[in-house]
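# Fold and geometry: a report
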Amino acid sequence: MTRPVYARLDLQALKNNLAVVRRAAPDSRVWSVVKANAYGHGIERVWNALGATDGFAMLNIEEAILLRERGWKGPILMLEGFFHADDLPLYDKYRLTTSVHSNWQLKAIQNAQLRAPLDIYLKVNSGMNRLGFTPDRVHSVWQQLRAMKNVGDMTLMTHFADADSPQGIDEAMRRVEQAAEGLVCPRSLSNSAATLWHPEAHFDWVRPGIVLYGASPSGRWQDIANSGLKPVMTLGSEIIAVQNLKPGETVGYGSTYRASGPQRIGVVACGYADGYPRIAPHGTPVLVDGVRTGTVGRVSMDMLTVDLTPCPQAGIGTPVELWGRDIKIDDVATCVGTVGYELMCAVAPRVPFITG
């Protein structure tokens, strides 16, 4: 490792978080969501640590094939289903469960030449208006699928738009109940927020995503502070230079920060080309040698600068935590007006990952 920036993954924390999910939904099976390359953690790095799951859920068929080639024999759910009819032979070969959300998929399944029926997750549009059939259509689509020789087990699914907000899931649940009227079927409704906070929506399968990686579905770390969830990813680096500013001197591009008095500044080997957000404002929290401080000046491509006033002992080589156990990724995300999901997924390929 040349530059000191790194992303360390705590695989024991990942196992712990899956156990927290099981305690929250003890009567449900668990789809561990590993889409977006396991939320930026690397599906190949983490899937074994989630080996106690009941199934994996994702989007990309390449990642599904990777899991099969690595030896995963359990269920794999493709959350957005197949994107083209000619994907179906691969779904058949690798025995993937597909969601179905559009009319064209019905025709594609009916016309496919498969070795064995595929299990289906029929998606209900419960108000998010992204994917899925409206509740008034679900019964007829269900019967249409049920009559196809290419269809195996079927489950009703939806995705909640507001499970992490005060608006809650009441209206979405009303639409799901409308859709399910007259059907005897398993259901998979709960995302991370509903898994933690809406037990009435657990049913047969829950689909946790962000909570597996130790961040909050609401974007507020305080909301999961007592849950037992632990951050999996630590983005860390070191101080590579120190500057002693005189009153009035500035830091970084655009001279956006000006010292009001004598001030010691640390230069950290991490920038927006590593995935740290360029728009991070002055004071975005950082941990330097175990002491909480904040950024100063504009984040550069390869470096950022931090205030060393609270940690006068810090110098070249001092460790820096940009997010992780002590600096919550949700807090950093709040400072830059986004969510922890985005920061996780944005860690750049040039950052080396260390697993432990």
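Residues numbered from 1 in each chain as written. Predicted model: local features only at pLDDT ≥ 70, side-chain atom pairs only at ≥ 80, totals over all residues. Heavy atoms only, no water.

The name given to the chain in an unreviewed UniProt entry is Alanine racemase, with Pluralibacter gergoviae as the source organism. Here the chain is described in UniProt, under the heading Sequence similarities (unreviewed entry), as follows: "Belongs to the alanine racemase family." The UniProt entry for the chain carries the following comment under Cofactor (unreviewed entry): "pyridoxal 5'-phosphate". (UniProt positions renumbered as here; feature names shortened; annotations may be inferred.)

Two elements in contact, helix 7 (residues 135-146) and helix 8 (residues 170-180), have axes separated by 7 Å at closest approach and are oriented at 35°. Regarding helix 7 and helix 8, the two cross each other, and that crossing is right-handed. Together, Pro135, Asp136, Val138 and His139 of helix 7 and Arg175, Gln178 and Ala179 of helix 8 make up the contact between the two elements. Of the residues in the contact of helix 7 with helix 8, the class split is three nonpolar, two polar and two charged. (Axes fitted to C-alpha atoms, helices over the stretch in contact; angles between N-to-C directions. Helix = DSSP H or I, 4+ residues; strand = E, 2+ residues; numbered from the N terminus. Left-handed = near helix turned anticlockwise from the far one by under 90°. Contact = heavy atoms within 4.5 Å. Nonpolar A, V, L, I, M, F, W, Y, C, P; charged D, E, K, R; others polar.)

Using the residue numbers shown here, the UniProt feature "modified residue: N6-(pyridoxal phosphate)lysine" (unreviewed entry) corresponds to Lys35. Relative to the helices and strands, Lys35 resides in helix 2 (residues 35-39). Take Lys35: its relative accessible area is 31%, and that puts it in the partly exposed class. Residue contacts for Lys35: discarding those within four places in its chain leaves Ala57, Met58, Leu59, Glu63 and Leu79. (Buried < 20%, exposed > 50% of the residue type's maximum accessible area, 1.4 Å probe, protein only.)

Positionally, Gln263 belongs in strand 13 (residues 263-268). With a relative accessible area of 10%, Gln263 lands in the buried category. Separated by 3.1 Å, the side chains of Gln263 and Asp307 make a polar contact. Aside from chain neighbours lying at most four places away, what touches Gln263 is Gln243, Asn244, Leu245, Tyr257, Val296, Asp307 and Thr309. (Polar contact = N/O pair within 3.5 Å; in protein donor to acceptor, adjacent residues only side chain to side chain.)

Right, let's get into the domain arrangement of the chain. Interfaces are often sized by the accessible area lost when the parts come together. What the domain assignment reports for the chain is domain 1 (11-215) and domain 2 (233-355). The centre of domain 1, based on its C-alpha atoms, is set 37 Å off from the matching centre of domain 2. Every contact between the two is made by nine residues of domain 1 and, on the other side, eight residues of domain 2. Carbon and sulfur atoms make up 76% of the surface buried where domain 1 meets domain 2, a total of about 850 Å² over both sides. Sorting the residues of domain 1 by area buried against domain 2 places His41, Arg45 and Ile210 first, and these three jointly supply 46% of that buried surface. The interface formed by domain 1 and domain 2 holds zero salt bridges in total. Here domain 1 and domain 2 share zero residue pairs in polar contact (both at pLDDT 80 or more) between them. (Domains from an automatic or database assignment. Buried area = accessible area lost by both parts, 1.4 Å probe. Salt bridge = Lys/Arg side-chain N within 4 Å of Asp/Glu carboxyl O.)

Let's shift gears to the packing of aromatic side chains. For the structure shown, the criterion picks out eight aromatic pairs. Both rings, one in Tyr39 and one in Tyr213, keep their centres 4.8 Å apart while their planes meet at 25°; by these two values the pair is stacked. Linking Tyr39 in helix 2 with Tyr213 in the loop between strand 9 (205-206) and strand 10 (233-245), this pair joins segments that are 174 residues apart in sequence. Both residues of the pair, Tyr39 and Tyr213, count as buried. (Phe/Tyr/Trp six-rings, centres within 6.5 Å; stacked < 30°, edge-to-face > 60°.)

A barrel is described by the order of its strands in space; here eight strands give the closed sequence 2-3-4-5-6-7-8-9, paired in parallel fashion. As paired strands, strand 7 (residues 151-157) and strand 8 (residues 187-190) are joined by two bridges and run parallel to one another. The residue bridging Met157 from the neighbouring strand is Ser188, located in strand 8. (Pairing = 2+ DSSP bridges.)

Following the UniProt record, the feature "active site" (unreviewed entry) maps to Lys35 and Tyr253 here. The named residues occupy 219 residues along the chain; their greatest pairwise C-alpha distance, 35.8 Å, places them well apart from one another. Summarising the element assignment, Tyr253 is placed in the loop between strand 11 (250-251) and strand 12 (257-258). When near neighbours in sequence (up to four residues on either side) are disregarded, Tyr253 contacts Arg298 and Ser300.

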